[in-house]
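Survey of secondary and tertiary structure
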Amino acid sequence: EPTGEVATVSVDEPFRALAFKIMDDRFGALTFIRIYSGKLNKGDTILNSATGKTERIGRMVEMHADERTELTSAQAGDILAVVGMKNVQTGHTLCDPKHECTLEAMIFPDPVISIAVAPKDKGGNEKMGIAIGKMVAEDPSFQVETDEDSGETILKGMGELHLDIKVDILKRTYGVDLVVGQPQVAYRETITKEIEDSYTHKKQSGGSGQFGKIDYRIKPGEQNSGFTFSSTVVGGNVPKEFWPAVEKGFASMMQEGVLAGFPVLDVEVELFDGAFHAVDSSAIAFEIAAKGPFRQSIPKAGAQLLEPIMKVDVFTPEDNVGDVIGDLNRRRGMSKDQEAGAMGVRIKGDVPLSEMFGYIGHLRTITSGRGQFSMEFSHYAPCPANVAETVIAAEKEKKAAK
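Residues numbered from 1 in each chain as written. Predicted model: local features only at pLDDT ≥ 70, side-chain atom pairs only at ≥ 80, totals over all residues. Heavy atoms only, no water.

Where two aromatic rings form a pair, the distance of their centres and the angle of their planes describe that pair. By the definition in use, this model includes 6 aromatic pairs. Judged by centre distance (4.9 Å) and plane angle (90°), the ring pair of Tyr359 and Phe373 falls under edge-to-face. Remark: Phe373 occurs in strand S24 (residues 372-382) and Tyr359 occurs in helix H7 (residues 359-366); sequence separation between them is 14 residues. Overall, Phe373 belongs to the partly exposed group, its relative accessible area being 26%. Of note, Lys166 hangs over the ring of Phe142, and the distance from its end group to the ring centre comes to 5.1 Å. (Phe/Tyr/Trp six-rings, centres within 6.5 Å; stacked < 30°, edge-to-face > 60°. Helix = DSSP H or I, 4+ residues; strand = E, 2+ residues; numbered from the N terminus. Buried < 20%, exposed > 50% of the residue type's maximum accessible area, 1.4 Å probe, protein only. Lys NZ or Arg CZ within 6 Å of the ring centre and 35° of its normal.)

In the Ramachandran plot, Asn224 falls in the positive-phi region, its phi being about 65° despite a non-glycine side chain. Secondary-structure assignment places Asn224 in the loop between strand S18 (210-220) and strand S19 (227-231). Located in the positive-phi region is Asp266, a residue other than glycine, with phi close to 55°. Along the chain, Asp266 falls in the loop between helix H3 (243-253) and strand S20 (267-275). Judged by its relative accessible area of 10%, Asp266 falls in the buried class.

Here we take up the confidence of the model for the chain. In the predicted model, the chain carries a mean pLDDT of 90, and the fraction of residues at 70 or more is 97%. Within the chain, strand S23 (residues 345-352) carries the highest mean pLDDT (96), whereas helix H5 (residues 294-297) carries the lowest (86). (pLDDT = per-residue confidence, 0-100.)

The following block contains the structure:
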């Protein structure tokens with residue numbers, strides 16, 4: 001747990017450094033570190049406080065583009081690369097084994113966009129897998145998964161450009177040519193009202209049966225709270241040892257919502273009563289009892305689709321400000337702020353990600369090639385009804401096609 005101390009940048013303090021980038025090149029794996037305090041010499045043994053393992057420092061190099069200079073020592077304030085470290089990831093703290101510490105790690109938001117990819121030639125699968133594995137280790141905001149139904153490889157990232165660059169790296173660096181599908185937005189689901197409900201799971205078959213009854217409240221949680229569970233059962237109607245099973249049952253159902261199968265966010269579940277059977281009740285029976293009511297309760301609680309909203313920062317020449325703002329409004333954007341500078345105007349606002357595909361081409365057209373923009377994920381917000389209907393229909397079609 002962080003104690004909230006401030007690490008002083010000083011050569012005289014114990015060694016502390018943060019690994020901020022991992023890179024694979026022809027000389028092996030390079031771990032880029034920034035030393036915040038103390039000194040590091042070739043041959044030193046240091047501790048990775050994230051894994052609890054120690055490592056001996058072999059080669060240390062200073063990088064200048066493709067040129068590298070071998071180092072024998074480095075100190076507070078230096079940025080260098082260590083060759084051949086094991087199990088170090090972006091954000092890990094390296095420190096003096098006698099003075100263990102954890103530096104504040106970098107925060108990586110969850111991906112908001114995904115694309116399905118496949119190698120152009122059949123034999124490229126293994127090559128693609130190895131290359132993507134290396135790239136995921138280098139960039140924690142880039143994720144990959146395999147769609148169980150279709151067997152497709154899904155790349156997930158922070159935006160269209162992020163994924164374009166990944167596809168380009170796969171082609172140029174690793175020689176893997178990909179067929180790329182349409183970008184998909186990472187929608188989420190939530191609920192809008194509080195309800196009380198009850199569910200009983202019972203199964204009688206030869207031998208011991210299964211029994212579990214739960215009475216619960218489901219209500220909208222705080223923004224960004226994810227899923228929270230509490231139990232206020234008194235008098236042992238649902239014995240304490242079964243509460244974790246109930247929580248586990250509800251939590252597992254949050255992975256797939258009732259509207260279009262997207263993960264469910266910001267829901268609070270409170271178990272307030274129930275019943276058990278001395279012989280037939282078990283943790284499994286209560287876990288099943290908590291999975292059962294999801295389909296019955298969530299629709300009653302005003303299920304709603306959420307979409308990722310991006311913080312967008314557009315730079316445009318002064319003559320085009322009106323056109324750019326008009327265009328952002330058409331994309332359901334909200335302009336929040338304008339700053340005039342010597343070269344032009346910066347417009348800041350929030351725009352749904354689904355409306356930002358192909359934006360750079362459009363912006364260049366409006367501004368005769370002089371506009372620029374950047375964007376990052378801001379928050380999830382409710383989808384307007386017409387957008388939600390389109391998304392839900394498209395997801396149902398996809399599932400039917402599978």
